[in-house]
Amino acid sequence: MYDHILEEMADAIAFELNITSNNVLSVLNQYWQDKIAHVWQVDDMLESARRAGKPITRTDAAGLLHNVFDHLDSSMGISWTNLEVALEDYHFVLKTWPEEKYNEVHGIFKVWRKGNLIAHQFGMFPKMMDGNLPDALALAKTMANEIPGVSVFIGLETDVDEDTIPWLTIILPGGETEPVIEESEESCTQ
């Protein structure tokens, strides 16, 4: 077992039982001295989603991680590839998520106007990955209102050195007063 995970366990148990963490850590270290375990955490699934450029919530990441475990082939174990495969069919649908919970969507978001490759970034790796979507959406709506009829895109940063792929398109159609938000299907550079 990893030392940092034992320390996290000890802290959680000590907090709940109102005892010192060092005493709990001593017991955990003794228990794990003749055992091994490779531990995957929700943060690992969040990292896989970031690499894939997919928006995700911590709750959905936990569900996907448990699904990977539930379908574990013990002879193969769990790897980053298992997490990536679990994300292949995952799709976060913004329309089904209440606006007051947008801050729970995990990711580094980029906002740019169609025909302009300069993007505004919301969030940074590795510490500023949560709570970025509301600010990205607010800027995108402002940009859409500035030039009606011209699409504004929101995409997610990935580790790949390719162009950011739009996830959302925000546009203020002629005669409308509120921008429309749709999952993006059009090209970001046209």
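Note that the coordinates shown come from a computational prediction; the quantities given were computed from them, not determined experimentally.

Asks: Outline the overall build of the chain, supporting the account with residue identities and numerical values.
Replies: Along the backbone of the chain there are six helices and seven strands. Secondary structure elements of the chain, listed N to C terminal, follow the sequence α-α-α-β-α-α-β-β-β-α-β-β-β. C-alpha atoms of the chain, sized along the principal axes, occupy 70 × 40 × 30 Å. Of all 190 residues assigned to the chain, the portion counted as buried reaches 36%.

Asks: I'd like a description of unusual backbone geometry, backed by residues and values.
Replies: Residues other than glycine seldom take positive phi values, yet Asn-18 does so here, at roughly 55°. With respect to the secondary-structure elements, Asn-18 resides in the loop between α1 (3-17) and α2 (21-32).

Asks: So what's going on with the sheet that holds strand β4 (residues 120-122)? Which residues, and what values?
Replies: Read from one edge of the open sheet, five strands run β4-β3-β5-β6-β7, paired in antiparallel fashion. Among the strands making up the open sheet, the edge pair consists of β4 and β7 (180-183). The mean inter-strand angle of the sheet, taken between neighbouring strand axes irrespective of direction, is 25°. Relative to strand β5 (residues 152-156), strand β3 (residues 109-113) runs antiparallel, the two sharing five bridges. The residue of β5 that forms the bridge with Trp-112 is Phe-153.

Asks: Please set out the pattern of salt bridges residue by residue, giving values where relevant.
Replies: All chains considered together, the criterion is met by six salt bridges. Notably, a salt bridge pairs Lys-35 with Asp-34, separated by 2.9 Å at the nearest N-O pair. In this structure Asp-34 comes out as exposed when scored by relative accessible area, which is 60%. One salt bridge connects Glu-47 with Arg-50, and the closest N-O pair in it is separated by 2.9 Å. Here Glu-47 pairs with Arg-50, and both are found in helix α3 (residues 42-52), just three residues apart, close to one helical turn. Assigned by exposure class, Glu-47 and Arg-50 land together as buried. Three or more residues joined by partner-sharing salt bridges are found here, namely Glu-47, Arg-50 and Arg-51.

Asks: Go over the packing of helix α4 (residues 58-70) against helix α5 (residues 80-88) with me, naming the residues and quoting the values.
Replies: At their nearest, the axes of α4 and α5 sit 10 Å apart, and the two run at 120° to each other. It follows that α4 is oblique to α5 by the angle criterion. As α4 runs across α5, the sense of the crossing is right-handed. Facing Leu-64, Leu-65 and Val-68 of α4, the residues of α5 in contact are Asn-82, Leu-83, Ala-86 and Leu-87.

Asks: Please set out the nonpolar core residue by residue, giving values where relevant.
Replies: Counting residues in each nonpolar core, the largest one holds 34 residues, and the members touching the most others are Met-45, Ile-56, Phe-109, Val-111, Leu-133, Ile-154 and Trp-167. Breaking this core down by element, the ones donating at least two residues are α3, α4, α5, β3, α6 (133-146), β5 and β6 (166-171). Here this core gets six residues from one element, more than from any other, and that element is α6. The contacts of Val-111, once residues within four sequence positions are left out, are Ile-118, Ala-119, His-120, Phe-122, Ala-136, Leu-139, Ala-140, Met-143, Val-152, Phe-153 and Ile-154. Counting nine residues, the second-largest nonpolar core is a separate cluster that includes Ala-10, Ala-14, Val-24 and Leu-25.

Calculation criteria
Residues numbered from 1 in each chain as written. Predicted model: local features only at pLDDT ≥ 70, side-chain atom pairs only at ≥ 80, totals over all residues. Heavy atoms only, no water. Helix = DSSP H or I, 4+ residues; strand = E, 2+ residues; numbered from the N terminus. Buried < 20%, exposed > 50% of the residue type's maximum accessible area, 1.4 Å probe, protein only. Pairing = 2+ DSSP bridges. Axes fitted to C-alpha atoms, helices over the stretch in contact; angles between N-to-C directions. Salt bridge = Lys/Arg side-chain N within 4 Å of Asp/Glu carboxyl O. Parallel < 35°, antiparallel > 145°, perpendicular 65-115°, else oblique. Left-handed = near helix turned anticlockwise from the far one by under 90°. Contact = heavy atoms within 4.5 Å. Core = buried A, V, L, I, M, F, W, Y, C linked by side-chain atoms within 4.5 Å.

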